[in-house]
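# Coordinate analysis (summary)
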Amino acid sequence: MARVTVFTLGGTISARGGDAARMTGQEVLAGLGAPEDVVLRDFRRVPSSTLSFEDLADLAEEVRGAVADGSGVVVVQGTDTLEETAFLLDLLCTTEQPIAVTGAMRRPDLPGADGPANLAAALAVAADPACRNLGVLVVLADEIHAARLARKTHTTSVTTFASPGAGPLGAVVEGEPRILLRPAVPAALCPLTFDPSVRVALVTLSLGDRGELLDAVDDRFQGLVVAAFGGGHAPAPLVEPLAELARRIPVVLASRTGGGATLTDTYRSPGSEHDLLHHGLIPAGPLDPAKARILLHTLISSGAAGPGGYDRPRITAAFAHLNGSGLA
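The structure contained in this document is the topic of the report that follows. Owing to the predicted nature of the structure, the values given are computational and were not obtained by experimental measurement. (Residues numbered from 1 in each chain as written. Predicted model: local features only at pLDDT ≥ 70, side-chain atom pairs only at ≥ 80, totals over all residues. Heavy atoms only, no water.)

### A look at the overall build of the protein chain
Summing up its helical and strand segments, the protein chain has nine helices and 16 strands in all. For the protein chain, whose C-alpha radius of gyration is 20 Å, the value lies close to the compact-globule estimate of 20 Å for 328 residues. Considering only intrachain contacts with a sequence separation of at least 6, the fraction spanning at least 24 residues in the protein chain is 72%. When the accessible surface of the protein chain is summed, it comes to about 13,700 Å², and 52% of that surface belongs to carbon and sulfur atoms. The distance from the centre of the 26 positive side-chain charges to the centre of the 36 negative ones in the protein chain is 1 Å. (Helix = DSSP H or I, 4+ residues; strand = E, 2+ residues; numbered from the N terminus. Rg over C-alpha atoms; globule rule 2.2 N^0.38 Å. Contact = heavy atoms within 4.5 Å. Areas by Shrake-Rupley, 256 points an atom, 1.4 Å probe, with all protein chains shown as cover. Lys, Arg positive; Asp, Glu negative; His and termini not counted. Charge placed at Lys NZ, Arg CZ, Asp CG, Glu CD.)

Okay, structure coming up:
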């Protein structure tokens, strides 16, 4: 069994009841019978809703160090923002080593607590050579998901994580990972950096939207993701405000639906995906709005946008790369 480094960040899996108290990383691992070659890093003890970009930048640096030493990695955190952490690590930690992100939906003091089983499955994945070269993985309920595809889809279900349009890459059966599918293209694009000070706004459109929230996207933000209707549609009166923003900062067009890719040429009416892309918006492809925000943040951090204008072709190509995120 390969060496595994476990980073514990807090979350439901470490909760002491419903208050703010959290167990230590050692207490979270207790009772699993983890082998001696598991290295524990008690990294944070907070709900995942409280994690900051500074926390994740520090985490990515430490994870890169662990995999550089030949270790597999398990990251344990709350599920509220687990999919964003996993995708950010997927972009920043280019490695052959398995990296598994896991958590729990039920506190340790509740009947049917799922934390120990999820942690055991994640440890098995991170230690298994068959799970190399898959990118970062989300492992819960004995399912193995690609970080770029995984989404939390239910507020309380222990099977909340799913990969809409694709399904899991595999499963953990009797403690053994079984990989059935592999991503056709890696998530990693090139060496990327992450600057916590970069600000990228996420605005979700709604029926009758008059664009008031777009008015708040001023010089405080270096980028914007719009969670639009359907395949990438907006009210016609918002086209010009969005186009004006796209002349100054990168504006990515995503879908608020939670599944499927944004369209490019199916509809051509005012406010359609064709109209918005023609006015300079960048298609998110299959990435949901939260992940599109993470990718745009890393691209801006890596120099794809600046005071002299932004590199729209480079950003568009990065999103298009993940548009081929099929399975082989």
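### Some remarks on unusual backbone geometry
One non-glycine residue with positive phi stands out, namely Asn133, at about 60 degrees. Summarising the element assignment, Asn133 is placed in the loop between helix 4 (115-127) and strand 5 (136-140). Residue class for Asn133 comes out exposed when judged on its relative accessible area of 53%. With a phi angle near 55 degrees, Ala141 is a residue other than glycine that sits in the positive phi range. Summarising the element assignment, Ala141 is placed in the loop between strand 5 and strand 6 (143-146). Here Ala141 falls in the partly exposed class, since its relative accessible area comes to 32%. (Buried < 20%, exposed > 50% of the residue type's maximum accessible area, 1.4 Å probe, protein only.)

### A closer look at helix 6 (residues 239-248)
Along helix 6, the residues that are buried comprise Val239, Leu242, Ala243, Leu245 and Ala246. One face of helix 6 carries all of its buried residues, which in axial projection span an arc of 160 degrees. (Arc of directions from axis to C-beta.)

### Digging into the packing of helix 2 (residues 53-68) against helix 3 (residues 82-92)
Relative to each other, helix 2 and helix 3 sit at 50 degrees, their axes nearing to 10 Å. With respect to each other, helix 2 and helix 3 are oriented oblique. Crossing of helix 2 over helix 3 shows right-handed handedness. Listed contacts from helix 3 to Leu56, Leu59, Ala60, Val63 and Arg64 of helix 2 are Thr85, Leu88, Leu89 and Leu92. (Axes fitted to C-alpha atoms, helices over the stretch in contact; angles between N-to-C directions. Parallel < 35°, antiparallel > 145°, perpendicular 65-115°, else oblique. Left-handed = near helix turned anticlockwise from the far one by under 90°.)

### Description of the sheet that holds strand 2 (residues 38-42)
One open sheet accounts for eight strands, arranged 2-1-3-4-5-6-9-10; its pairing is mixed. Every other strand in the sheet has two partners, leaving strand 2 and strand 10 (176-179) as the edge strands with one partner each. With direction set aside, neighbouring strand axes in the sheet form an average angle of 25 degrees. The sheet strands contacting helix 3 are strand 3 (72-76), strand 4 (99-102) and strand 5, and the helix crosses strand 5 at an angle near 155 degrees. (Pairing = 2+ DSSP bridges.)

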